[in-house]
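Residue-level structure breakdown
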Amino acid sequence: MTKRRLRIIPLGGLSEIGKNMMVIEYEDDIIIIDAGLMFPGEEMLGIDLVIPDISYLLERREQIRGIIITHGHEDHIGALPYLLPQLNAPVYSTKLTQGLISVRLKERKALSGANLKIIPPGGNVTLGKFRIEFFPVCHSIPDSVGLIIYTPVGIIVHSGDFKLDYTPVDGKPTDLSRLAQLGAQGVLLLLSDSTYAELPGYTLSERVVGETLDHIMADAPGRVIVATFSSLVSRIQQVINSAAKYQRRVFIVGRSMSDTVHMALELGYLDAPDGILGRLDELRGMPHNKIVFMATGSQGEPTSALVRMANRDHRQVHIHRGDTVILSATPIPGNEALINRTVDNLFKQGVQVLYSKVAQVHVHGHGSQEELKLLLNLAKPKFFMPIHGEYRHLSLHAKLAQSVGIPPENIFVLEDGDILELNPQAGKITGKVSASNVYVDGLSVGDIGSVVLRNRRMLSRDGIVVVIIAVNRQTGKLVGRPDIVSRGFVDTRESKDMIDESRDLLARALDHGGDRPAEWSFVNTKVRDVLNKFYYEQTKRRPMILPVMVKV
Ligand SMILES: [Zn+2]
Ligand SMILES: [Zn+2]
């Protein structure tokens, strides 16, 4: 019975920004929308990336008909290098998106064996009982699409990431008339981007950034360094356009940026006048006011080109007094501290720094409240589910939907892993599948669990205390006072008395005067209990306590 229902299961991207992934299921057919990554929060110590948990999909591998990618940003394609080898399904996307996917897969040596198929905006593909039509949407990267999914139960519209810029860089606005047609036909469910549901009004047009860049390129006395994401292809185009107007040449710094630029040029998504792009070895002797660099580092990432340039750690390019640095991207939540440090560092070196708080060097790629309402009004869905956002974004988007007349019982605010079941009359959240974070740390994927993270947090906060307990090899009895070694807990010289006192305390606690050998599990627990309590009383800190037994 439940089999005949349409099931919508978000595996990522709801109640968080990033790692977008959505499962749509009817009978034996499953399609997956997007496979993104998330950058780790500050509390995820030592973690490089976070990707969605696909255990639900791995149990149903033979039902997966395809993976559909809405656009080429990391939060939509970044998990593919890790997940595609396990899912082994064809991937459908537009041409530029496919180019970016190939670059990512190649970096991780996962390209061979991948089955990548191109669908143009406006085109469609049938996968099992679903037919999926790509409709063009405007976003901060060309070739972005939303999806119209024809299912046996009704039509689903998935907005992808979108805004309604009427003067976008690539000249291709969101196809509103197609949405209006669908609205007249009847839409069962709208899934819509909530990233900027907090912002009233309309998102500014990309054109504003073009104008700001023009002013900067005209007025900057020296070199201009633009830091952004390599996937913000529209922004790269704007930088090239402005540089061309003021006879500056553009030098791409860093591997991921130059791979992306070359791919986009080859596929015709970037347009650069002859000779404007230069190689770094041509820099020598060029007047500074004729130079523009494009690099990664808008998030203050320690290994990015900009941060290395600022720290004189870059092989070819260093920052000079008189340079102008533009950070052209939104800070990803959690990166603010790193970004601020980078900005401070640049100011200290006598550099002019422009970022979104002080100049219009960036506009959002996502629609604000009026745009979200317009989409709701055009699509006129029976059911609505906000996607792509933290819980507050989803909730505010749900309120907007109510304000345009969608009854509250037809609005579903889900979190990752929730199962929404729909029939033409009603919908219900019927259960939950596993949708935890999967951590990528160096070369390992998924073997870092919450225990490892909790330990890293403890170590970083209050340090570690190692307790060395000597026992007699023959009798098993304790020998002397335990030794204590600590790191990152207290200054051992200044706190020598306290440490000494804790050794005495331990010796007394462990000595029961009997002749019995010490039971290790008892000693272990006792040591932790005694020291936890004592150290907390003395210092209000909770270091990690690690008892070690040595036989003497
Ligand atoms: Zn995006
Ligand atoms: Zn996104």
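Residues numbered from 1 in each chain as written. Chains lettered and ligands numbered in written order. Predicted model: local features only at pLDDT ≥ 70, side-chain atom pairs only at ≥ 80, totals over all residues. Heavy atoms only, no water.

With that settled, consider helix α8 (residues 255-266). Since the α-helix packs 3.6 residues into each turn, any two residues three or four apart lie on the same face. Between the first and last C-alpha of α8 there are 16 Å, a value that for twelve residues agrees with the 16 Å anticipated at 1.5 Å per step. Of all the residues in α8, the buried ones are M257, S258, T260, V261, M263 and A264. In this fold, the buried residues of α8 make contact with α4 (95-107), α7 (233-245), β14 (249-252), β15 (277-278) and β16 (291-295). At the exit of α8 stands G268, carrying a positive phi of roughly 85°. (Helix = DSSP H or I, 4+ residues; strand = E, 2+ residues; numbered from the N terminus. Expected span 1.5 Å × (residues − 1). Buried < 20%, exposed > 50% of the residue type's maximum accessible area, 1.4 Å probe, protein only. Contact = heavy atoms within 4.5 Å.)

Quick look at the pattern of salt bridges now. Using the criterion set out here, one finds 30 salt bridges in the structure. Here R7 makes a salt bridge to E421, at a shortest N to O gap of 2.9 Å. Separated by 414 residues along the polypeptide, R7 in strand β1 (residues 6-12) and E421 in strand β20 (residues 418-422) bring together distant segments of the chain. Of the two residues, R7 and E421, both sit in the buried class. We note a salt bridge from R493 to D491, for which the minimum N-O separation is 4.0 Å. Exposure remark for R493: the relative accessible area of 72% places this residue in the exposed category. According to the relative accessible area criterion, D491 is partly exposed, its value standing at 35%. Linked by salt bridges that have partners in common, R481, D483, K496, D500, R503 and D504 make up one network. (Salt bridge = Lys/Arg side-chain N within 4 Å of Asp/Glu carboxyl O.)

This part is about the packing of aromatic side chains. Per the stated rule, a full pass over the model turns up four aromatic pairs. With a centroid separation of 6.0 Å and 45° between ring planes, the pair formed by F383 and F412 is classed as tilted. Separated by 29 residues along the polypeptide, F383 in strand β19 (residues 381-387) and F412 in the loop between α12 (391-403) and β20 bring together distant segments of the chain. When its relative accessible area of 0% is taken as the criterion, F383 is described as buried. Site record: aromatic cluster; members linked through ring pairs are F489, F534 and Y535. Here R131 stacks its cationic end above the ring of Y150, 4.3 Å away from the centre of that ring. Positioned over the ring face of Y536 is R542, at 3.9 Å from the centre of the ring. (Phe/Tyr/Trp six-rings, centres within 6.5 Å; stacked < 30°, edge-to-face > 60°. Lys NZ or Arg CZ within 6 Å of the ring centre and 35° of its normal.)

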